[in-house]
Amino acid sequence: MRPMVRLLAAVAAMATLGAANPEREFDLPTYTGAYQPQNVDERGMWMVDDESERLTRDSRLVIRDEALNNYVHSVLCRAVGNDRCGGVRIYILRVPVFNANMSPNGTMRVYSGLLLRMRNEAELASILGHEFAHFEMRHSLDEFRRKRSTSDLLAWTAVLGTLAATYGGGSTQSYGDFRISVYGALFRFSRDQEREADILGFSYMAEAKYRPSAASEVWRSAMNEADATSTGRALRGQRYDKTAFFATHPTNLERADYLSALANRVPGGEYEGRNAYQAALAPWLDQFLEDQIKLNDFAGTEYLITRLGAEEWTAPLLLARAELYRLRANPRDLPNAVEFYRQALTLNPDLPTAYRGMGLSLMRMDRKSEATPSLSRYLELKPDALDADMIRSLVAPQ
Amino acid sequence: MNLIRAIAAALLVLCTSSFGLAQAQERTAVRQGFTLPPNSGKTILLFRPTIRVGAQSTGGMFEPNADWTAQGREHMGVSLRQLQDRLGNRVIEASEPIGEQALLVAEHMALFAAVSSSVINYQFFVGNRLPTKKRDNRNDVFEWTLGPQVARLPGAADADYGLFIYTEDQYGSTGRKVLQAFAMLGGVGVQSGVHSGYAGLVDLKTGELLWLNADGKMGGDVRTPEGAEKRMRQLLEEFPGSSVQTAPAA
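Residues numbered from 1 in each chain as written. Chains lettered and ligands numbered in written order. Predicted model: local features only at pLDDT ≥ 70, side-chain atom pairs only at ≥ 80, totals over all residues. Heavy atoms only, no water.

1. Quick look at the overall build of chain B
If you tally the helices and strands in chain B, you get six helices and eight strands. When the helices and strands of chain B are read in sequence order from the N terminus, they spell out α-β-β-β-β-α-β-α-α-β-α-β-β-α. A burial count over chain B gives 50% of its 250 residues as buried. Surface exposure of chain B reaches about 11,600 Å², of which carbon and sulfur atoms provide 55%. (Helix = DSSP H or I, 4+ residues; strand = E, 2+ residues; numbered from the N terminus. Buried < 20%, exposed > 50% of the residue type's maximum accessible area, 1.4 Å probe, protein only. Areas by Shrake-Rupley, 256 points an atom, 1.4 Å probe, with all protein chains shown as cover.)

Right under this line is the structure:
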């Protein structure tokens, strides 16, 4: 019953947003480039944004690899069109978190954790398009104004509530209820913006001929990963069938549902761009996987790696999985780690870290005679490694 | 019961308005043994000041204003050069760096902000001392440093000291003032407007923090030339070797 209601609601929301003619539903609105801020609020926001872009630009977190930057920019251009993408500055930040955002002055921040989680260009395009849609619809300005009027209202409520309390008149309880409903409206407003951005994002995908269902797959995997993380940490999982009062985004389930409902109607193409994406990410994959492993989130990382590996188990993925198991280091993890290292080395015999990890795992399992050749191979491949002396002392006959 | 509700409401108002109690006073400190005689002809490298000017909404939100900020930046720059000329120092503005140097400058700006807020939070005001700084506080020792890496900053080789300036102004909107008046009737304090700032001088050879002045309630309307001059006087109050006349309180 409930999913049906949700579906109908999504369709109803679409109908009010899209044109009356269903065939024109995903037509792109006209776009004016080089937009300049128009009024006091907007100019103020842009000023703050310009300052924050300066900080971002001069940050060591920014990945300055030209090839990767050009590729991500080209995906945005393909997704939203060349007339739209021209003025956007993209900063790829080395932060192992699933996130991207775009601010009013046209700054787009893409986190490395997002790039790691995408399996192909269509998935990346769906996220970049969504963020660009927020920008095109100038959502930040609306949100700022909405927050301001809400906080104004709350301040008045607090003061009037105090007056009522001090002078014994009126009911402070009713002021309290009012406050809660005001907060609720603020967060609902923000969820509506998300839905609007999702729908405009689909229009870009349709125009660019990307496979539309990629968008809902992204949200399903986000949900599964969060579930894996909470199960792994013995926390109660998030509930996806109800929206929390303070949630700024629709629940991922609701989102995945209405996105797949929409995807069925979008006249999109079939382009996925898997090979292009893998090639562009290859030089950074090891680094991004290493950053993810250091989050110490075993279950979430295991989910993420197996999802990427479900299409094809490559040496970097097997190596990362092995490292993940070796670093958790329960006795039962070590045989798994050794097996994954072995598989990684079968695919690529020149992985010094795999020899190191395999040797250390075997050493830990008291299989020194098997461990020694691995560690020696590591030293051969990387004689100047930072930990070379330490490894040598392990290999040396006692 | 009513009292509890009143307190809760007052707390809510305090939370929605943005100001720190710790910054509500003014403090200055100079590193022991550091003196700068007037007219010593030193060169001071001014890093891009952080200036935020805007309004404060009824609910206490900061509403940035681009025009006011541009005016403040312009006027304060002019009065800083005038004041330092009178001290006999030469102020040069750091040029906008690019590439690796830009990263270095950005890191040091952030480091200065972190160090000076530690000074303000943990040394200037009683009751919130860092355990490692307790002895310094007792003995009135002012010893903080950004580290000798500052010597690598672009322009550091040609200057003696680096000057960092931060100001934030939120002019209370009409709505905020009306709210303040009503709140007073209810016996609740609502602050209208935020005017805080700090300035610090760093030795560009050693990285030592030589002087820091912080003020949570500054005077002078930075949107006008006269007001900006008053603000700059207050920021540079007790600047080492200073004969800058103390500005009247706000």
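2. Points about the overall build of chain A
Regarding its fold elements, chain A presents 17 helices and three strands. For chain A, buried positions account for 52% of its 398 residues. When contacts within chain A are restricted to residue pairs at least 6 apart in sequence, long-range pairs at least 24 apart make up 67% of them. Surface accessibility of chain A: about 19,100 Å² in total, with carbon and sulfur atoms responsible for 55%. (Contact = heavy atoms within 4.5 Å.)

3. Considerations on the sheet that holds strand β2 (residues 100-102) of chain A
All names here are of chain A. Strand order in the open sheet formed by three strands is β1-β3-β2, with mixed pairing between adjacent strands. Each end of this open sheet is capped by a strand with a single partner; those strands are β1 (89-93) and β2. Strand after strand, the sheet turns through a mean of 15° between neighbouring axes, direction not considered. Bridge count for β2 against strand β3 (residues 107-111) is three bridges, and the pairing is antiparallel. Residue pairing for β3: M102 is matched across the bridge by M108. Helix α3 (residues 66-80) rests against β1 and β3 of the sheet, and its axis sits at about 125° to β1. (Pairing = 2+ DSSP bridges. Axes fitted to C-alpha atoms, helices over the stretch in contact; angles between N-to-C directions.)

4. A short note on the pattern of salt bridges
Residue and element names in this part refer to chain A. With the rule as written, the count across this model stands at 32 salt bridges over all chains. Note that E311 and R274 form a salt bridge whose closest N and O atoms lie 2.5 Å from each other. Within this pair, whereas E311 is found in the loop between α12 (298-309) and α13 (315-328), its partner R274 is found in helix α11 (residues 274-293), the two being separated by 37 residues in sequence. Three or more residues joined by partner-sharing salt bridges are found here, namely R119, E123, R211, E217, E272 and R307. (Salt bridge = Lys/Arg side-chain N within 4 Å of Asp/Glu carboxyl O.)

5. Observations concerning the domain arrangement of chain A
All names here are of chain A. One can read the domain layout of chain A as domain 1 (2-265) and domain 2 (283-395). Taken together, the contacts link 20 residues of domain 1 with 17 residues of domain 2. Between domain 1 and domain 2, a total of about 1,800 Å² is buried, with carbon and sulfur atoms accounting for 60% of that surface. Run the count over domain 1 and domain 2 and you get two salt bridges. Going through the elements one at a time, α5 (112-117) and α9 (214-232) are the ones with two or more residues in the side of domain 1 that touches domain 2. For the side of domain 1 that touches domain 2, the leading source of residues is α9, giving seven residues. Grouping the amino acids of the side of domain 1 that touches domain 2 by side-chain chemistry returns seven nonpolar, five polar and eight charged. (Domains from an automatic or database assignment. Buried area = accessible area lost by both parts, 1.4 Å probe. Nonpolar A, V, L, I, M, F, W, Y, C, P; charged D, E, K, R; others polar.)

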